[in-house]
Amino acid sequence: SYVGVGRDDGHQKGEYEAIFFDPNHIKVHDFHTIWLSNSPFEPSQYPGAGSYRSATIGHLQTKKGTNFTMINCHLDDKSDDQRKLGASMLRHIGAYEYMNSDGPVFLTGDFNSKSEGETSGAYKIATGSAPLVSMNSTFVEKYNSDISDSFTWGDLYGQVDPLRRLGHFSTWDGFKKWGDVNALGGRIDFQFAGKPNSNAKNVPNKYHKALTHKVGETFYDLEWHLSDHRPVISDISLA
């Protein structure tokens, strides 16, 4: 099953930043959607962006009773300014969720931003190596927490033992044929876990351990493409 809404109207129109789950093993307590724009509480498009961009925030529970928060997003393919704003908002939401919800907090999504190079601004903001950009003041107030300035997202790729990183490095292949050098699009799809600053006071320890990280295939055998992005799959142990 899944939770999420269409990003273009908040109902069914447009792409979903959906969170899929197995109802035999996972229960969803609640979810909501934020638009990664200057008007985050309603369907809206950042000026100069190619599309409406949003994030789905869900509070989930495993069959064994372990709670965690899941955030799924999609940043813009045209506007670097939107990507930087979106990354700042996601870092701000992550801090709030880490302090105010039960269990660890995870973020997944297509950043349209590499982890290095000229388009790495959103990744650098998310992981704390670049400062937050200015955000809607009502949004900042609503999602304010004691760790808003020190919280960052930890890349699961870097948390996994190198011997347990499987498959490809690049997550985007652009529907190119197998072996085409132009299919080496780099990492633009990421999976993160909340990572408060170790010096922050009165911050609960919310356990998770990334066990494996794999970038899979977009096609098999007769090159029937499933997507222009490769699936990113992580195994994570909770408390």
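Owing to the predicted nature of the structure, the values given are computational and were not obtained by experimental measurement.

**Focus: the environment of Tyr 157**
(1) Moving on: With respect to the secondary-structure elements, Tyr 157 resides in helix α4 (residues 156-159).
(2) Moving on: When the C-alpha positions of Tyr 157 and Ala 210 are compared, they lie 8.5 Å apart, and in sequence the two are 53 residues distant.
(3) Moving on: Setting aside chain neighbours within four positions, we find Tyr 157 in contact with Arg 165, Phe 169, Arg 187 and His 213.

**Observations concerning the nonpolar core**
(1) Moving on: In this structure, Ile 34, Leu 36, Ile 71, Leu 90, Leu 107, Phe 111 and Trp 153 are the most contacted members of the largest nonpolar core, which totals 32 residues.
(2) Moving on: At 7 residues, the largest contribution of residues to this core is made by helix α1 (residues 80-100).
(3) Moving on: Residue contacts for Ile 71: discarding those within four places in its chain leaves Ala 55, Thr 56, Ile 57, Leu 90, Ile 93, Val 105, Phe 106, Leu 107, Thr 108 and Trp 153.

**A closer look at the pattern of salt bridges**
(1) Moving on: This model, assessed by the stated rule, comprises 7 salt bridges.
(2) Moving on: Residue Asp 80 pairs with Lys 84 through a salt bridge whose shortest N-O separation is 3.4 Å. With Asp 80 and Lys 84 both in helix α1, this residue pair falls 4 residues apart, about one helical turn.
(3) Moving on: Residues participating in the shared-partner salt-bridge network are Arg 7, Asp 8 and Glu 15.

**Details of the environment of Arg 165**
(1) Moving on: Position of Arg 165 among the secondary structure elements: in strand β8 (residues 165-167).
(2) Moving on: A residue is classified by how much of its surface remains accessible, and Arg 165, at 29% relative accessible area, is partly exposed.
(3) Moving on: Placed 69 residues apart in sequence, Arg 165 and Ser 234 show a C-alpha to C-alpha distance of 9.3 Å.
(4) Moving on: Leave out the neighbours within four places in its chain, and Arg 165 touches Tyr 157, Gly 158, Val 160 and His 213.
(5) Moving on: A polar contact of 3.4 Å, which involves the side chain of Arg 165, links it to the backbone oxygen of Val 160.

**Concerning unusual backbone geometry**
(1) Moving on: Of note, Asn 112 is a non-glycine position whose phi angle comes to about 50°, a positive value.
(2) Moving on: Even without a glycine there, the phi angle at Phe 175 is positive, about 65°.
(3) Moving on: Secondary-structure assignment places Phe 175 in the loop between β8 and β9 (189-195).
(4) Moving on: Judged by its relative accessible area of 48%, Phe 175 falls in the partly exposed class.

**Details of the sheet that holds strand β4 (residues 54-62)**
Sheet strands line up and pair through hydrogen bonds in the backbone, either parallel or antiparallel.
(1) Moving on: One open sheet holds the 6 strands; their spatial order is β3-β4-β5-β6-β9-β7, and the pairing between them is mixed. In the strand order of this sheet, the two ends are held by β3 (26-35) and β7 (152-155), each with one partner. Strand-to-strand, the axes of this sheet are offset by a mean angle of 25°, without reference to chain direction.

Basis of the calculations
Residues numbered from 1 in each chain as written. Predicted model: local features only at pLDDT ≥ 70, side-chain atom pairs only at ≥ 80, totals over all residues. Heavy atoms only, no water. Helix = DSSP H or I, 4+ residues; strand = E, 2+ residues; numbered from the N terminus. Contact = heavy atoms within 4.5 Å. Core = buried A, V, L, I, M, F, W, Y, C linked by side-chain atoms within 4.5 Å. Buried < 20%, exposed > 50% of the residue type's maximum accessible area, 1.4 Å probe, protein only. Salt bridge = Lys/Arg side-chain N within 4 Å of Asp/Glu carboxyl O. Polar contact = N/O pair within 3.5 Å; in protein donor to acceptor, adjacent residues only side chain to side chain. Pairing = 2+ DSSP bridges. Axes fitted to C-alpha atoms, helices over the stretch in contact; angles between N-to-C directions.

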